[in-house]
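Spelled out, the chains give:
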Amino acid sequence: MSIQYRQDMPPPGGFEAVKYKRNLPFRGPSGLVILGAVTAVCAYGFYRVGMGNLERRELQREKVWSRIHLVPLLLAEGDRDAYRRQQAALEREKEIMKDVKGWEVGKSVYNGRQYRSVDSIVLV
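Here is a short report on the structure shown in this document. (Residues numbered from 1 in each chain as written. Predicted model: local features only at pLDDT ≥ 70, side-chain atom pairs only at ≥ 80, totals over all residues. Heavy atoms only, no water.)

Regarding its fold elements, the chain presents one helix and zero strands. Over its C-alpha atoms the chain spans a radius of gyration of 47 Å, topping by over 25% the 14 Å that the globule rule assigns to 124 residues. Structurally, the chain occupies a C-alpha span of about 155 × 45 × 20 Å along its principal axes. Counting only residues that meet the buried cut, the chain has 1% of its 124 residues in that class. As presented, the chain carries roughly 13000 Å² of accessible surface, and 59% of it is formed by carbon and sulfur atoms. (Helix = DSSP H or I, 4+ residues; strand = E, 2+ residues; numbered from the N terminus. Rg over C-alpha atoms; globule rule 2.2 N^0.38 Å. Buried < 20%, exposed > 50% of the residue type's maximum accessible area, 1.4 Å probe, protein only. Areas by Shrake-Rupley, 256 points an atom, 1.4 Å probe, with all protein chains shown as cover.)

A surface patch of nonpolar side chains, about 530 Å² in accessible area, is lined by Val100, Trp103, Val105, Val109 and Tyr110. Relative to the assigned elements, Val109 resides in the segment after α1 (31–96). On the basis of relative accessibility, which here comes to 59%, the residue Val109 falls in the exposed class. (Patch = residues over 30% accessible without salt bridge, like charges linked within 9 Å, V, L, I, M, F, W, Y side chains within 5 Å. Salt bridge = Lys/Arg side-chain N within 4 Å of Asp/Glu carboxyl O.)

The next thing to look at is the pattern of salt bridges. The full count for this structure, using the stated rule, is five salt bridges. A salt bridge links Asp81 to Arg84, with the shortest nitrogen-to-oxygen separation between them at 2.6 Å. Placement of the pair is Asp81 and Arg84 together in helix α1, with a separation of three residues, close to one helical turn. Given a relative accessible area of 29%, Asp81 falls into the partly exposed group. Each member of the salt-bridge network shares a partner with another, and the members are Asp81, Arg84 and Arg85.

The next point concerns the environment of Glu62. Within the element layout of this structure, Glu62 appears in helix α1. According to the relative accessible area criterion, Glu62 is partly exposed, its value standing at 48%. In this structure the C-alpha to C-alpha distance between Glu62 and Val38, which are 24 residues apart in sequence, comes to 36 Å.

This part takes up the side chain of Glu93. Mapped onto the elements, Glu93 comes out in helix α1. The side chain of Glu93 is buried and forms no salt bridge, while Arg92, the nearest opposite charge, is found at 8.8 Å. The contacts of Glu93, once residues within four sequence positions are left out, are Trp103, Glu104, Val105 and Gly106. (Lys, Arg positive; Asp, Glu negative; His and termini not counted. Contact = heavy atoms within 4.5 Å.)

Attention now goes to the packing of aromatic side chains. Counting across every chain of the model gives one aromatic pair. Each ring, one from Tyr44 and one from Tyr47, has its centre 6.5 Å from the other, and the planes form 35°; the classification is tilted. Of this pair, Tyr44 and Tyr47 both sit in helix α1, three residues apart, which is roughly one turn of the helix. Looking at Tyr47, the relative accessible area reads 48%, which means it is partly exposed. (Phe/Tyr/Trp six-rings, centres within 6.5 Å; stacked < 30°, edge-to-face > 60°.)

Below, the structure written as structure tokens:
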């Protein structure tokens, strides 16, 4: 028994060419472009920080000057309030001590004539 062998042969015209050349896709911008972009973003950020610092400094200056200009008004208001409280205290003292002989309303118990205000102002 004899079998006829047939050898495998290339197709007519041959096989297509083997692609051995590397075909790499574009991988993005170069390092120099990235460095330039980062530098530009940082420069813009520093610019905005500087402008923010100027704005904050101006707002701080405005707040300080507004407080300075409000001091006389606040002092006058505090003086009016202290006077009102002092008069109310004298009236209460007069009502409480009305039965005590020789009591002088408003006279200091420390036998001193020096007056010192208890109010104080703190500027921040």
